[in-house]
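Listed here are the chains, written in short residue letters.
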Amino acid sequence: MVTTMMEPQLLGWLSPLVISFVLVTSVFAFYALFVKPRRNSNKLDSTTSKIHHDRTVTSTVGSLNVSVGDTVSDVIVVGAGVAGSALAYTLGKDNRRVHVIERDLSEPDRIVGELLQPGGYLKLLELGIEDCVEEIDAQRVYGYALFKNGKRIRLAYPLEKFHTDVSGRSFHNGRFIQRMREKAASLPNVQLEQGTVVSLLEENGTIKGVRYKNKAGEDLTAFAALTIVCDGCFSNLRRSLCNPQVDVPSCFVGLVLENCNLPYANHGHVVLADPSPILMYPISSTEVRCLVDVPGQKVPSIANGEMANYLKTVVAPQMPHEVYDSFIAAVNKGNIKSMPNRSMPASPYPTPGALLMGDAFNMRHPLTGGGMTVALSDIVVLRNLLRPLRDLSDGSSLCKYLESFYTLRKPVASTINTLANALYKVFCSSKDEARNEMREACFDYLSLGGMCTSGPVSLLSGLNPRPLTLVCHFFAVAVYGVIRLLIPFPSPKRMWLGAKLISGASGIIFPIIKAEGVRQMFFPATVPAYYRAPPVKGETKCS
């Protein structure tokens, strides 16, 4: 273990080493990865969910007949979760006729999607929907606290340059979504309807709308120039619009701790437990969400009591003493839920007339709470691309133009995705000694203060989502871990362990970067789609 007196000396050595190492690894990553191309509480009341505009007309969309009783919109949004509701309001505010079809308009009850990072709150401000975190007992979040083997550190968000209202927010996911739905439905040109989309309507390779069953069970069709699929992580429509490569590295087991005083008020808490992390954060003035990560796709049975026993015997002894009693009480109460944690890189098939958004399009491990930030950032990018267009009816030209969306979103989305998936692997315990050294080095690196703290936290918060900054800090942790091993006396065993640490770090981050796309992530300006201009008549078809 490196002593406190050694840390300034280490930092002096660290900067030139990190710069040199990052330059070498960046060149290696570019040539090794870039040269291989990739393929491309309660239901809303009747006044809120009513149909605001009835465009029952007889016309044609392309060559599809639109009968009396069918609705024609500018945009159909499938799903009214965080992404769908925010998107509907945003496009509706731009005077688009929007038809939202949501499977269930009652208040959702989920154990994730409850922590919005400060970067995500800034996107709420940009979209004009920041009032959706009001009147739901949302709690402000100012940073994180990390716990490991009895040690603890506090990591504050770097909010000094922002307005005092800017911070993270944590809340009940269902309450937040209901506020978003009400906001969208308040616009006269937004139609919010309960129904289940069965399939996309396609003709000659272009999506013309959707076929769905309404709340009464009637088979209906709806037509629009653009259909945006936001039906969440369990999407049954994504397969025709992307190449889904879904990974399930772990599951979350969720509990609500009541009247629990966290060690650090208004902070998220991360316990680097064995075998994997535990998260805690307030979701109301009297409730704390606790998420226990269980590696793999199977969890102990909740029904027969195996899960309660696991939580009491394996998890509880590793909890901070301040929350131990509340944790045991929550386990005894029995309201335990679980859900799989999915990650999926964005790998779209550009399709005329259709687009994917939200978790249906792109997922990352929820450890860092970055999902809503990515979705809201994507909505800002899409809104800015669509604003110059009055007419969306030329599906092929619009498709070609919207290829720029996939490039413009990449730096922000890929940084948050890569951080989440890499940090999860680093924070899990392992039988590999080098991996555990990386875990220890990460905790101690964040404890150093200065840029070693503010840099990673600015990435985590979504306030500085820059890919190169992420890579620099990731390998700075690895190099810091190697230096710790070599001081005071480098032995052959320690040198070998250091080499394994660097190799292991590369093995964590490079495959994630490759899946995200090296060129789009680090060099988006070299992608032709980056410069796409709004379509005009006579544009070529989408490839």
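We now turn to the structure provided with this report. This structure is a prediction, so every number in the text was calculated from the model and none was measured. (Residues numbered from 1 in each chain as written. Predicted model: local features only at pLDDT ≥ 70, side-chain atom pairs only at ≥ 80, totals over all residues. Heavy atoms only, no water.)

**Comments concerning unusual backbone geometry**
No. 1: In this structure, the amide linkage connecting aspartate 274 to the following residue, proline 275, adopts the cis form with an omega of 15°.
No. 2: With respect to the helices and strands, the residue proline 275 is situated in the loop between β14 (268-271) and β15 (278-282).
No. 3: Cis rather than trans, the peptide bond between isoleucine 487 and proline 488 has omega equal to 5°.
No. 4: Positive phi is not limited to glycine here, since glutamate 135 has a value of about 65°.
No. 5: With respect to the helices and strands, the residue glutamate 135 is situated in the loop between α4 (118-127) and β6 (139-141).
No. 6: The exposure class of glutamate 135 is exposed, given its relative accessible area of 75%. (Helix = DSSP H or I, 4+ residues; strand = E, 2+ residues; numbered from the N terminus. Buried < 20%, exposed > 50% of the residue type's maximum accessible area, 1.4 Å probe, protein only.)

**Topic: the nonpolar core**
As a rule of thumb, soluble globular proteins bury nonpolar side chains together.
No. 1: Counting 68 residues, the largest nonpolar core has Phe176 and Ile228 as its most contacted members.
No. 2: With 8 residues, helix α8 (residues 371-386) is the largest single contributor of residues to this core.
No. 3: In contact with phenylalanine 176, other than residues within four places in its own chain, are Val82, Leu124, Cys132, Val133, Ile136, Phe171 and Met372.
No. 4: With 61 residues, the next largest nonpolar core counts Phe252, Leu419, Leu448 and Ile509 among its residues. (Core = buried A, V, L, I, M, F, W, Y, C linked by side-chain atoms within 4.5 Å. Contact = heavy atoms within 4.5 Å.)

**Some words on the sheet that holds strand β9 (residues 168-170)**
No. 1: Across the sheet, 3 strands lie side by side as β5-β9-β6; this open sheet has antiparallel pairing. Among the strands making up the open sheet, the edge pair consists of β5 (115-116) and β6.
No. 2: Bridge count for β6 against β9 is 3 bridges, and the pairing is antiparallel. Considered in β9, the bridge of valine 141 is made with glycine 168. (Pairing = 2+ DSSP bridges.)

**Structural notes on the sheet that holds β14**
No. 1: Across the sheet, 7 strands lie side by side as β8-β7-β14-β15-β16-β13-β17; this open sheet has mixed pairing. This sheet does not close on itself; its edge strands, each paired only once, are β8 (151-156) and β17 (337-343). When strand polarity is set aside, the average angle formed by the axes of neighbouring strands in this sheet is 20°.
No. 2: Bridging between β14 and β15 involves 3 bridges; their strand directions are antiparallel. Paired with histidine 269 across the strands is methionine 280, a residue of β15.
No. 3: Seen against the sheet, helix α7 (residues 324-333) touches β13 (247-258) and β16 (287-295) and runs at an angle of roughly 100° to β13. (Axes fitted to C-alpha atoms, helices over the stretch in contact; angles between N-to-C directions.)

**Some points on the pattern of salt bridges**
No. 1: Scanning the entire structure with this criterion turns up 23 salt bridges.
No. 2: The partner of arginine 140 in a salt bridge is aspartate 165, with the nearest N and O atoms 2.8 Å apart. One end of the pair, arginine 140, is in strand β6; the other, aspartate 165, is in the loop between β8 and β9, and 25 residues separate them in sequence.
No. 3: Ionic pairing is found between aspartate 444 and arginine 484, a salt bridge with its closest N-O pair at 2.7 Å. Note that aspartate 444 is positioned in helix α11 (residues 433-447) and arginine 484 in helix α13 (residues 467-486), a separation of 40 residues in sequence. Arginine 484 matches aspartate 444 in its accessibility class, with the two residues each being buried.
No. 4: Overlapping salt bridges, with partners in common, bring together Lys148, Lys151, Glu437, Glu440, Asp444 and Arg484 in one network. (Salt bridge = Lys/Arg side-chain N within 4 Å of Asp/Glu carboxyl O.)

**Section: the packing of α4 against α8**
No. 1: Viewed as axis vectors pointing N to C, α4 and α8 meet at an angle of 35°, and their least axial separation amounts to 8 Å. The element α4 and its partner α8 pack so that their crossing is left-handed. Here Gly119, Gly120, Lys123, Leu124, Glu126 and Leu127 of α4 lie close against α8, whose contacting residues are Thr373, Leu376, Ser377, Ile379, Val380 and Arg383.
No. 2: Considering only residue class, the contact of α4 with α8 consists of 5 nonpolar, 4 polar and 3 charged. (Left-handed = near helix turned anticlockwise from the far one by under 90°. Nonpolar A, V, L, I, M, F, W, Y, C, P; charged D, E, K, R; others polar.)

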